Amino acid sequence: MATALSRLALLQPRSLEEALRRLRDEGPLVPLAGCTDLYVGFHFGTVGGRRFLALQGLRQLRGVRRRGDVLVIGALTTYAELIASPLVRRRLPILAEASREVGSPQIQNRGTLGGNVANASPAGDTLPVLAVAEAVVVLRSVDGERRVPFGAFYTGYRQTAMRSDELIVAIEVPPVEGRQWFRKVGTRAAQAISKVVMAAVRAPRPRIALGSVAPTVVRVPRTEAVLARGGTLAEAQAVLMNEIQPIDDLRSTAAYRRRVSANLLAQFWRETARRGGSRKGGLP
Ligand SMILES: Cc1cc2nc3c(=O)[nH]c(=O)nc-3n(C[C@H](O)[C@H](O)[C@H](O)COP(=O)(O)OP(=O)(O)OC[C@H]3O[C@@H](n4cnc5c(N)ncnc54)[C@H](O)[C@@H]3O)c2cc1C
């Protein structure tokens, strides 16, 4: 392990208010939720801080509930809880579907939605789902709360709009009209980071988002527009292959990612055209 754990300090606040105060007054502190990403960082010596703020005890950040017609998902909600949640399965089934494809049961039991969002990896499996759901990231600091539309949350590769004195407290999801669709393509079914991951909604103006094909998760508005105006699938595929900016890396090549993205677009479009034909995740 590149980071000696004995040299790290762990602060354990008993309330959200205490956590936010310590984040402001005793920083810099690194928030620590399920620790599944941070632990990998310890192993490789890439974690930038030595003092950590444990969020696990903050019950306010847990659970899934409704506020009016908005689904409110606490930042500490784990993948296992998302998979088990009747509200998530009914309102945003592709989030449960994406959660089932994260890591392994061990990771699903510890890893949190807030951690996936804050970690800001372009390969994060829940991020395309939150992008097509037009979710809102709820940030809180000592000074109050602010809501950032998901589309404005990522400002660059591994960069977010979150300040160092803020925590993600929840993700809010408005009602999603239209058939939902999700697919992750990786080396194998479990314990694989995606080569391409796509979430989509079949609505009058379709919504499509992809991960692992650009520095951040992306919506593809030009491709969406082709489908919305009744353009052909072939035309939409050609636009999509230009609209994304994949790279060659150890998991895949840019050419493969472009081809797979176009194939996923076709799969989404054909499967959701069939009567009741959403892949696993259609709204009831
Ligand atoms: C073996 C393995 C397999 C994995 N497989 C997948 C996979 O298939 N798909 C996938 O998407 N991910 C995968 N991951 C990555 C990881 O499990 C997820 O990103 C997970 O959701 C991170 O959540 P966490 O609670 O463990 O975050 P942590 O590791 O605790 O934190 C991650 C980052 O988020 C910050 N943070 C956490 N919570 C908050 C908050 N509430 N407010 C502000 N900042 C916060 C932390 O400071 C840190 O920078 C895998 C990881 C491992 C080790």
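The model shown is predicted, which means the values in this text are computed figures rather than measured ones. (Residues numbered from 1 in each chain as written. Predicted model: local features only at pLDDT ≥ 70, side-chain atom pairs only at ≥ 80, totals over all residues. Heavy atoms only, no water.)

I'd love a proper account of the side chain of Gln237, names of residues and values included.
Positionally, Gln237 belongs in helix α11 (residues 233-243). With residues near it in sequence (within four places) discarded, Gln237 still touches Arg259, Ala262, Asn263, Leu265 and Ala266. (Helix = DSSP H or I, 4+ residues; strand = E, 2+ residues; numbered from the N terminus. Contact = heavy atoms within 4.5 Å.)

Give me the lowdown on the site of the ligand, citing residues and values where you can.
Contacts to the ligand come from 31 residues, most closely from Pro31, Thr36, Asp37, Tyr79 and Thr112. One nitrogen or oxygen atom from the side chain of Asn116 is found 2.9 Å from an oxygen atom belonging to the ligand. Here Ile168 contributes a backbone N or O atom positioned 2.9 Å from a nitrogen atom of the ligand. Residue assignment for the shell around the ligand shows that the elements contributing at least two residues are β2 (30-32), α2 (36-44), α7 (113-119) and β10 (167-173). (Near = heavy atom within 4 Å. Polar contact = N/O pair within 3.5 Å; in protein donor to acceptor, adjacent residues only side chain to side chain.)

So what about unusual backbone geometry? Which residues, and what values?
Residue Pro28 follows Gly27 across a cis peptide bond; omega there is 0°. Note on placement: Pro28 falls in the loop between α1 (16-25) and β2. Look at Arg158: it is not a glycine, yet its phi comes out positive at around 55°. In this structure, Arg158 sits in the loop between β8 (154-156) and β9 (159-160). Assessed through its relative accessible area of 38%, Arg158 is described here as partly exposed. At Ser212, a residue that is not glycine, the phi angle is positive and equals roughly 70°. As for its placement among the helices and strands, Ser212 is situated in the loop between β13 (207-211) and β14 (218-219). Among the residues examined, Ser212 registers a relative accessible area of 7% and is labelled buried. (Buried < 20%, exposed > 50% of the residue type's maximum accessible area, 1.4 Å probe, protein only.)

Any details on the packing of aromatic side chains? Residues and values, ideally.
In the structure shown here, the tally under the stated rule is six aromatic pairs. Judged by centre distance (5.5 Å) and plane angle (80°), the ring pair of Phe150 and Tyr154 falls under edge-to-face. Neither residue differs from the other here; Phe150 and Tyr154 are each classed as buried. Between Trp181 and Phe268 the ring centres are 5.9 Å apart and the planes differ by 55°, which places this aromatic pair in the tilted class. With Trp181 in strand β11 (residues 179-185) and Phe268 in helix α12 (residues 254-273), the pair connects residues that are 87 residues apart, well separated along the chain. As far as the burial class goes, Trp181 and Phe268 line up, both buried. Grouped by ring-pair contacts, the aromatic residues Tyr39, Phe42 and Phe52 constitute a single cluster. A cation over an aromatic ring shows up here: Arg202 above the ring of Trp269, its NZ or CZ 3.4 Å from the ring centre. (Phe/Tyr/Trp six-rings, centres within 6.5 Å; stacked < 30°, edge-to-face > 60°. Lys NZ or Arg CZ within 6 Å of the ring centre and 35° of its normal.)

Which residues make up the pattern of salt bridges, and what are the values?
Counted under the stated rule, the structure contains 17 salt bridges. A salt bridge links Glu172 to Arg67; its shortest N-O distance comes to 2.9 Å. Separated by 105 residues along the polypeptide, Glu172 in strand β10 and Arg67 in strand β4 (residues 64-67) bring together distant segments of the chain. With a relative accessible area of 7%, Glu172 lands in the buried category. (Salt bridge = Lys/Arg side-chain N within 4 Å of Asp/Glu carboxyl O.)

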